[in-house]
Amino acid sequence: MTLIDLAPNTTHYFKVESADSSGNSSLGTETSFITSSLPPDTTPPLISLVSVAPASTTAQVTWTTNEAANSKVYYGTTTPLVLGSASTASDGAFLTSHSLNLTGLTASTTHYMVVESKDAANNTATSSETSFNTGN
């Protein structure tokens, strides 16, 4: 018998019972085993379907990830965008469908942005820089 969906790094206790065709049964003594730990997660989330819906002084940025991760957008009006000094919007919730609103943007201006998502194991994925234009 194969046991599936057991918790990793956990002690599991069991007894084995068997019976013959006459209905005679025997119950073994309790035994235990420890499941192995899961290998560490070293793979960052995969960012896809990045899109921007700009208005005159705001923009909604959306994207998806292949695993639950948080959301962050770096943005500014210069390129290349320097992440350490760029404006940011973020959400710490671990989701696969991401949406952040950027506010206080300058109207009729080209803005540059990079999206970032980090999974629960702290693996970080960053998109390439893209640009969008705000309206009047």
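Residues numbered from 1 in each chain as written. Predicted model: local features only at pLDDT ≥ 70, side-chain atom pairs only at ≥ 80, totals over all residues. Heavy atoms only, no water.

### A look at the nonpolar core
Here is step 1: Counting 14 residues, the largest nonpolar core has V61, W63, V73, Y75, L102, M113 and V115 as its most contacted members.
Here is step 2: Mapped by element, the contributors of at least two residues to this core are strand 6 (59-76), strand 7 (87-102) and strand 8 (110-118).
Here is step 3: By residue number, the principal contributor to this core is strand 6, which donates five residues.
Here is step 4: Contacts of M113, omitting those with residues within four sequence positions, involve V50, V52, V61, V73, Y74, Y75, L81, S128, E129, T130 and F132. (Core = buried A, V, L, I, M, F, W, Y, C linked by side-chain atoms within 4.5 Å. Buried < 20%, exposed > 50% of the residue type's maximum accessible area, 1.4 Å probe, protein only. Helix = DSSP H or I, 4+ residues; strand = E, 2+ residues; numbered from the N terminus. Contact = heavy atoms within 4.5 Å.)

### Section: the pairing of strand 5 (residues 47-54)
Here is step 1: Across six bridges, the pairing between strand 5 and strand 6 is antiparallel. Paired with P54 across the strands is A59, a residue of strand 6.
Here is step 2: Where strand 5 folds back onto strand 6 in an antiparallel hairpin, the turn is made up of four residues. (Pairing = 2+ DSSP bridges.)

### With respect to unusual backbone geometry
Here is step 1: Residue T79 is joined to P80 through a cis peptide bond whose omega torsion reads 0°.
Here is step 2: In this fold, P80 is placed in the loop between strand 6 and strand 7.
Here is step 3: In this model, L49 sits at a positive phi of 55°, which is unusual for a non-glycine residue.
Here is step 4: Following the sequence through the fold, L49 ends up in strand 5.
Here is step 5: Classification of L49 by relative accessible area gives exposed; the value is 67%.
Here is step 6: Positive phi values are uncommon outside glycine, yet S108 reaches one of about 55°.
Here is step 7: The topology assignment puts S108 in the loop between strand 7 and strand 8.

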